[in-house]
Amino acid sequence: MRTETPVSVKLEDYTPYPFEIDSVSLDFSLELEATRVRTKMSVRRVRPGEFVLDGEGLTLNDISIDGSPLQVSDYKIADNKLTIADVPDTFTLETDVTINPKANTALSGLYVSAGRFCSQCEATGFRRITYWPDRPDVMSRFHVRIDADKATYPILLSNGTPGKAGDLPGGRHFAEWDDPHPKPSYLFALCAGDYDVWRDSFTTMNGDHVDLGVYVDKGQADRAEWAMESLKASMKWDEERFGRAYDLGVFNIVAVRDFNFGAMENKGLNIFNSAYVLASPDSATDADFEAIESIVGHEYFHNWTGNRITCRDWFQLCLKEGLTVFRDQEFSSDLRSRPVQRIKDVMRLRARQFAEDGGPLAHPVRPQAYGSIDNLYTATVYEKGAELIRALTVLIGDDAFNKGMQIYFDEYDGTASTIEDFYSCFEKASGKDLSQFRLWYAQAGTPEVTVVEEWDEAKSELTLTLSQKTPPTPKQDKKKPVPIPLRAALLDGKGGHVEAEGWQDGETVIVLDKAEKTVKVNLSKGSARPLLSINREFSAPVRVRRDLDKAGLLKLAAAETDPFNIWDCFQSLAKTEIFRLLDEPQSPPDDALVSAMADAVRLNESDPAFAALLTVLPDVGELFQDREPADPAGLDSARKRLRKAFAEALAGDITRILEQPSPTPFKPSAEQAGTRALRGAMIGLTGALGTPEAASQLKSHFDSASNMTESLACLRSLIPLPGKARDEAIETFYARWKDNPLVIDKWFAVQAGQGTAEDARRLSEHPDFDMSNPNRVRSVAAAFSMTNLAAFHAPDGKGHEVIADIIQRADKLNPALAARLLTSFEQWKKLEPKARASAKTVLERLQEAGLSKNAMDIVTRALD
Ligand code: B3K
Ligand code: ZN
């Protein structure tokens with residue numbers, strides 16, 4: 001069997017909906033297998049066109065217009081659409097449908113997780129709840145009434161603020177919710193069940209009181225405290241930074257174990273994957289605390305960028321996602337360390353988005369067409385989308401950017417908007433024509449910028465020749481030049497900057513907006529040649545190519561005044577050295593380089609979070625992008641050789657740092673997390689030493705670790721060191737945490753992330769492996785296929801097979817999950833011949849096997 005390739009939806013086909021639906025009442029009678037949904041909507045024609053509603057998997061019981069039941073001949077149901085040919089210009093439509101939440105394993109629409117009801121409607125889940133024009137530009141005021149068995153579902157939640165509630169006969173009860181803000185259906189939410197609640201409140205800058213609640217599993221309320229602190233910090237930050245206050249009297253977050261992604265920004269009722277809500281020092285790592293803070297922020301910030309101003313259609317997804325990622329990155333930078341945040345964001349961008357941009361799934365931030373909307377929630381839309389906003393701030397300056405944001409909030413509040421609308425605000429604010437900048441949204445691929453320097457000693461003039469080129473991507477052979485704002489500085493080599501004509505304190509922004517541009521930099525007579533610092537703070541999402549050898553890069557690293565670029569110089573050095581070690585397998589790592597890397601760590605020890613990042617070598621996924629054909633196993637072993645030498649050079653420091661006690665009492669603060677990050681880095685390097693002594697040191701540190709950050713770091717470092725210490729650690733960890741699914745997810749992930757294909761298969765057959773839970777599936781399949789490339793792409797093809805098997809099983813239950821896992825094959829064309837042939841065979845087998853529309857969309861594009 002072969003499922004048809006999805007028909008593509010095209011941006012150019014957009015037409016506005018012919019009707020407005022000012023208000024809607026939804027009446028839910030909750031039952032696990034047969035929930036009744038009665039919908040009453042007030043419809044008004046605003047332009048010519050048919051009356052069509054979306055609906056998927058619904059059993060229609062009744063349908064009437066203005067109280068008169070329709071006959072079967074009055075409407076048509078086909079291809080998940082209900083069409084009523086003949087409707088008055090103004091009317092009330094009532095429908096009554098039955099749905100089966102318990103059978104909903106796709107986790108889209110209304111479903112059941114741990115015996116409780118919850119919903120996920122973005123992008124097209126609402127049509128699995130009732131008939132509705134399920135598109136973001138149809139906004140309506142929602143009134144919701146829920147009734148359910150009182151003992152099983154004592155808490156009934158929806159968007160907005162609570163209204164009437166009370167008991168009903170037969171042990172049932174009801175609750176009503178009103179959302180005064182018109183919203184698209186993708187922001188609808190409903191949760192019902194028994195929860196414990198962590199409550200608090202917030203007073204907005206306008207003096208309005210907001211009740212806050214975080215709803216979690218029974219007995220887990222105190223693990224919601226950090227999420228609540230993060231929520232209050234987000235509310236305050238959006239007021240201070242963007243002047244945006246919250247707009248309802250209630251804000252609730254509900255944590256669910258079964259969830260397809262991180263969280264969802266439903267109006268007034270955010271629903272979260274419990275991994276991004278629940279945290280305690282013993283069970284959560286600093287990375288977990290940080291992710292909770294950032295995701296709680298992200299979803300909260302959507303209230304303005306996404307909810308009050310939403311997207312006209314799904315092609316505009318980056319309008320809310322790119323912008324909101326930018327906002328959450330800024331939030332984290334303000335709360336923690338800006339340079340450290342920037343480095344982490346760029347690591348993520350390079351690992352995920354640059355890889356996507358360089359493979360068969362490459363697409364523009366705003367594509368012209370898509371096959372399956374669920375597959376558009378990509379690193380390109382999110383991460384590159386955020387980078388473009390950041391590049392815009394560099395291009396027009398912070399003042400014009402902030403002014404433009406205020407124009408956007410004022411002029412587009414309550415609307416469903418486009419990228420053009422958004423950019424018109426910055427054109428107004430800056431007086432600049434941004435049409436060329438918008439090309440960034442239409443072209444896929446990562447631009448490559450080449451920088452050539454020429455120094456004229458006699459004239460004290462530095463000539464920079466900058467050029468750009470964007471490689472071809474699927475269906476886009478030729479690219480036009482885009483404006484690339486490059487922050488630059490002239491370094492004096494003594495920790496300072498050199499003055500030059502037209503530069504301020506030795507700094508400027510060079511906008512490369514042509515294929516090639518020459519910039520003359522005039523220094524005062526007799527100046528020594530300065531060193532050029534370029535793309536500071538990673539001001540543009542490009543690859544920079546410079547003609548710098550090892551000595552040149554080391555000199556530049558020593559002279560740099562931008563922490564991001566210091567880190568990046570060492571990344572470039574490490575990358576080049578790994579490639580050399582791959583090409584010269586007999587040659588040892590370069591001592592001078594290794595000691596320079598170690599010195600950099602020591603020099604920055606007073607900023608431990610930054611020092612920790614200096615110990616991270618580019619991972620195989622990133623190295624992979626620069627080698628074709630790529631040999632992941634070879635890259636992995638070259639990387640390990642360099643890492644071992646690095647660890648040996650830092651041996652004394654490792655002991656010294658780990659001998660100091662871990663900070664107590666535990667606080668998830670940035671300061672303590674920084675200290676633990678460096679300790680974690682030292683634990684990682686201990687593992688890289690690979691000796692039996694290292695294993696026993698790790699085991700004793702593991703036994704005495706007082707927090708999850710260090711305990712997990714030890715376990716991770718022990719996994720590649722076969723022996724008793726490792727086996728005991730795996731067992732002890734499991735025994736201690738077997739009742740905490742979030743920690744057991746980590747237990748699966750550290751093993752799959754470093755094991756062989758056999759390990760991944762064994763883990764997928766473990767009794768705790770659960771195909772219906774996305775976190776658990778990802779803890780094996782994504783950890784293996786996305787972070788363990790040497791094993792996943794092993795030439796014998798076993799890694800590909802184990803993942804293909806999991807994907808095929810997952811796809812039957814949850815197409816969105818399967819499609820996401822399939823993206824791990826996106827680099828297959830770059831692989832060395834054996835792995836490449838195996839990947840191709842596996843993808844073709846999957847294509848023939850009969851996959852869901854979502855999965856087929858990825859396979860087809862990957863093979864294309
Ligand atoms: N908007 C949701 C993502 C929905 C994904 C739908 N396939 C979470 C977020 O980005 O904030
Ligand atoms: Zn988002």
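Residues numbered from 1 in each chain as written. Chains lettered and ligands numbered in written order. Predicted model: local features only at pLDDT ≥ 70, side-chain atom pairs only at ≥ 80, totals over all residues. Heavy atoms only, no water.

Per an unreviewed UniProt entry, the protein is named Aminopeptidase N, and its organism is Henriciella mobilis. Per UniProt, the protein has the following entry under Catalytic activity (unreviewed entry): "Release of an N-terminal amino acid, Xaa-|-Yaa- from a peptide, amide or arylamide. Xaa is preferably Ala, but may be most amino acids including Pro (slow action). When a terminal hydrophobic residue is followed by a prolyl residue, the two may be released as an intact Xaa-Pro dipeptide." Under the UniProt heading Cofactor (unreviewed entry), the entry covering the protein gives this text: "Zn(2+)". (UniProt positions renumbered as here; feature names shortened; annotations may be inferred.)

**Some points on the overall build of the protein**
Helices and strands together make up the secondary structure of the protein, namely 27 helices and 31 strands. In terms of overall dimensions, the protein has a C-alpha envelope of 90 × 65 × 60 Å along the principal axes. Considering only contacts within the protein whose residues lie at least 6 apart along the sequence, 71% involve residues at least 24 apart. Accessible surface, the protein: about 33,200 Å² in total, of which carbon and sulfur atoms supply 50%. (Helix = DSSP H or I, 4+ residues; strand = E, 2+ residues; numbered from the N terminus. Contact = heavy atoms within 4.5 Å. Areas by Shrake-Rupley, 256 points an atom, 1.4 Å probe, with all protein chains shown as cover.)

**Observations regarding the coordination of the zinc ion (ligand 2)**
His 298 (NE2), His 302 (NE2) and Glu 321 (OE) make up the full set of protein donors to the zinc ion (ligand 2), lying at 1.9 to 2.0 Å. Site description for the zinc ion (ligand 2): donor spacing in sequence, H-x3-H-x18-E. Here His 298 is found in helix α2 (residues 286-301), whereas its partner Glu 321 is found in helix α3 (residues 317-335), with 23 residues between them in sequence. Residue Glu 321 is classed as buried on the basis of its relative accessible area of 1%. (Donors = N, O, S within 2.8 Å, 3.2 Å for Na, K, Ca; no water. Buried < 20%, exposed > 50% of the residue type's maximum accessible area, 1.4 Å probe, protein only.)

**Topic: the sheet that holds strand β19 (residues 250-256)**
With mixed pairing, five strands are arranged side by side in an open sheet as β17-β18-β19-β21-β20. Two strands lie at the open edges of the sheet, namely β17 (196-203) and β20 (263-264), each paired on one side alone. As paired strands, β17 and strand β18 (residues 209-216) are joined by eight bridges and run antiparallel to one another. Paired with Asp 196 across the bridge in β18 is Val 216. Relative to β17, helix α1 (residues 225-242) is tilted by about 20 degrees, and along the sheet it contacts β17, β18 and β19. (Pairing = 2+ DSSP bridges. Axes fitted to C-alpha atoms, helices over the stretch in contact; angles between N-to-C directions.)

**With respect to empty space enclosed by the protein**
Remark: the empty space left among the atoms is shown by a probe the size of a water molecule rolled over them. Using the criterion set out here, one finds one cavity of 30 Å³ or more in the structure. As a volume, the largest cavity reaches approximately 50 Å³. Of all the elements in the fold, those that place two or more residues in the lining of the largest cavity are α10 (563-583) and α12 (608-614). The element best represented in the lining of the largest cavity is α10, accounting for four residues. For the lining of the largest cavity, the per-class residue count stands at eight nonpolar, one polar and no charged. (1 Å grid on protein atoms, 1.4 Å probe; cavity = no way out; pocket = protein on both sides within 12 Å on 5 of 7 lines; lining within 4 Å. Points joined across faces, edges and corners; volume = space filled by probe spheres on them. Nonpolar A, V, L, I, M, F, W, Y, C, P; charged D, E, K, R; others polar.)

**Quick notes on the site of ligand 1**
The full set of residues close to ligand 1 is Glu 122, Phe 261, Ala 263, Met 264, Glu 265, His 298, Glu 299, His 302, Lys 320, Glu 321, Tyr 377 and Tyr 382. Here a nitrogen atom of ligand 1 and a side-chain polar atom of Glu 122 are 2.6 Å apart. A distance of 2.5 Å separates an oxygen atom of ligand 1 from a polar atom in the side chain of Tyr 382. Protein contacts shield 93% of the accessible area of ligand 1, which totals 330 Å² for the unbound molecule. Counting only elements with at least two residues in the shell around ligand 1, the list comes to β20, α2 and α3. (Near = heavy atom within 4 Å. Polar contact = N/O pair within 3.5 Å; in protein donor to acceptor, adjacent residues only side chain to side chain.)

**A closer look at the nonpolar core**
Taken as a class, soluble globular proteins show a tendency for nonpolar side chains to be buried jointly. Within the largest apolar cluster, 159 residues are counted, with the highest numbers of intra-cluster contacts made by Phe 28, Phe 51, Ile 84, Phe 188 and Tyr 441. With eight residues, helix α5 (residues 379-396) is the single largest residue contributor to this core. Setting aside anything within four residues of it in sequence, one finds Ile 84 in contact with Phe 51, Ile 63, Ile 65, Leu 70, Asp 74, Tyr 75 and Leu 93. Counting 120 residues, the second largest nonpolar core, distinct from the first, contains Leu 553, Trp 737, Val 750 and Leu 846. (Core = buried A, V, L, I, M, F, W, Y, C linked by side-chain atoms within 4.5 Å.)

**So, the UniProt feature "domain: Aminopeptidase N-like N-terminal" (unreviewed entry) in the protein**
Mapped onto this numbering, the UniProt entry annotates "domain: Aminopeptidase N-like N-terminal" (unreviewed entry) at residues 64-187. Secondary structure content for residues 64-187 is 0% helix and 55% strand, while the C-alpha to C-alpha distance between its ends is 26 Å.

**Description of the sheet that holds strand β4 (residues 51-54)**
The sheet built from three strands is open, its strands ordered β4-β8-β7 with antiparallel pairing. Bordering the open sheet on either side are β4 and β7 (75-78), each of which pairs with just one other strand. For this sheet, the mean angle separating the axes of adjacent strands, direction not counted, is 20 degrees. In terms of strand pairing, β4 meets strand β8 (residues 81-84) through four bridges, oriented antiparallel. If you follow Asp 54 over to β8, its bridge partner there is Lys 81.

**Overview of the environment of Thr 83**
Tracing the sequence through the fold places Thr 83 in strand β8. Exposure remark for Thr 83: the relative accessible area of 13% places this residue in the buried category. Sequence-wise, Thr 83 and Asp 456 are 373 residues apart; in three dimensions their C-alpha atoms are separated by 74 Å.

**Describing unusual backbone geometry**
Omega for the bond connecting Glu 122 with Ala 123 falls within 30 degrees of zero, at 0 degrees, which places this linkage in the cis form. Backbone torsion omega between Glu 628 and Pro 629 reads 0 degrees, so that peptide bond is classified as cis. With respect to the secondary-structure elements, Pro 629 resides in the loop between α13 (620-624) and α14 (632-649). One non-glycine residue, Leu 107, lies in the positive phi region at around 60 degrees. For Leu 107, the position within the fold is in the loop between β9 (90-99) and β10 (109-113).

**Remarks on the UniProt feature "domain: Peptidase M1 alanyl aminopeptidase Ig-like fold" (unreviewed entry) in the protein**
As recorded in UniProt, the sites labelled "domain: Peptidase M1 alanyl aminopeptidase Ig-like fold" (unreviewed entry) are residues 445-546. Between the first and last C-alpha atoms of residues 445-546 the distance is 20 Å; the span itself is 0% helix and 46% strand.

**Comments concerning the layout of surface pockets**
For the second largest pocket, the calculated volume is near 820 Å³. As for the second largest pocket, its lining consists of 31 residues, and the residues nearest its centre are Val 544, Arg 545, Arg 546, Asp 568 and Ser 572. Listing elements by their share of the lining of the second largest pocket, those giving two or more residues are α4 (338-357), β30 (531-534), β31 (543-546), α9 (550-559) and α10. It is α10 that contributes the most residues to the lining of the second largest pocket, 10 residues altogether. Of the residues belonging to the lining of the second largest pocket, the class tally is 13 nonpolar, seven polar and 11 charged.

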